[in-house]
Amino acid sequence: MQFCDLLRMTVLLSAGSATALAAITVVSANADNDTRTLLVAAIWWVAAAVSGLILGAPRRAGDAMRPALTEAKTTPTLPTDNPSRVALARLWPVAAFALVAGVVGIFFPGVAAVGTGFGIAAALSLRGWERAVAAVEERDGVRFYVEPGSALEPISLVRTPGLRRGATLAGPPPPPPATG
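Residues numbered from 1 in each chain as written. Predicted model: local features only at pLDDT ≥ 70, side-chain atom pairs only at ≥ 80, totals over all residues. Heavy atoms only, no water.

> Account for the packing of helix 4 (residues 83-107) against helix 5 (residues 109-140), with residues named and values stated.
Taken N-terminus to C-terminus, the directions of helix 4 and helix 5 make an angle of 150°; their axes are 6 Å apart at the nearest point. Compared by their axis directions, helix 4 and helix 5 come out roughly antiparallel. On the side of helix 4, the interface is formed by F97, A101, V104, G105 and F107, while helix 5 contributes P109, V111, A112, G115 and F118. In terms of residue class, the contact of helix 4 with helix 5 is built from 8 nonpolar, 2 polar and no charged. (Axes fitted to C-alpha atoms, helices over the stretch in contact; angles between N-to-C directions. Helix = DSSP H or I, 4+ residues; strand = E, 2+ residues; numbered from the N terminus. Parallel < 35°, antiparallel > 145°, perpendicular 65-115°, else oblique. Contact = heavy atoms within 4.5 Å. Nonpolar A, V, L, I, M, F, W, Y, C, P; charged D, E, K, R; others polar.)

Below is the structure:
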């Protein structure tokens, strides 16, 4: 599975779980007429959004991706692993967190509200990582793939040759015509 795709799926899963948990929070707190939970939740969600935007700044995204990209092993062949299996093995903790927070949040809306904030912060802080990896891939003409492994282990990447855009087989472009 391409690393950019895994990062994109992580952002979408985090944002989707935050949306579902927010809905559970609002419905559950509204059923109990619990305006205090909704007010605290709104403040927490704004704080989580601001911190996610700060942590997801482009410079921080590049710095966060540097160690994983530099430690990637180089191989001339594409990985043959099933992308769905790799994604499931890496993203199950996010789905499990959302499921547990959602079920508990039905009875205790504050739990779903806290989970929503973490989902918002995660989605906003990780959204720039995919662009940072795509920029390195574009610059270097490579592709990064995720090696199969547990979500409880650090991610391991494989670097494969990619296609450089704008590269020609005939060599460098000719110099511009002289004017004057």
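> Just give me the short version of unusual backbone geometry, but keep the residues and values in it.
When glycine is set aside, most residues are seen to have a negative phi, and most peptide bonds are trans. Its identity is not glycine, yet N33 carries a phi of approximately 55°, on the positive side. The topology assignment puts N33 in the loop between helix 1 (3-31) and helix 2 (35-55). Taking the relative accessible area as the measure of exposure, N33 reaches 65% and is therefore exposed. (Buried < 20%, exposed > 50% of the residue type's maximum accessible area, 1.4 Å probe, protein only.)

> Help me get a handle on the packing of helix 1 against helix 5, residues and values and all.
As a packed pair, helix 1 and helix 5 sit with axes 7 Å apart at the nearest point and diverge in direction by 160°. For the element pair helix 1 / helix 5, the angle class is roughly antiparallel. At the point where helix 1 passes helix 5, the crossing takes the left-handed sense. Of the residues in the contact of helix 1 with helix 5, the class split is 20 nonpolar, 7 polar and 4 charged. (Left-handed = near helix turned anticlockwise from the far one by under 90°.)

> Tell me what's going on with the pattern of salt bridges, and back it up with residues and numbers.
This model, assessed by the stated rule, comprises 7 salt bridges. Here D5 makes a salt bridge to R8, at a shortest N to O gap of 2.8 Å. Placement of the pair is D5 and R8 together in helix 1, with a separation of 3 residues, close to one helical turn. In this structure D5 comes out as partly exposed when scored by relative accessible area, which is 28%. (Salt bridge = Lys/Arg side-chain N within 4 Å of Asp/Glu carboxyl O.)

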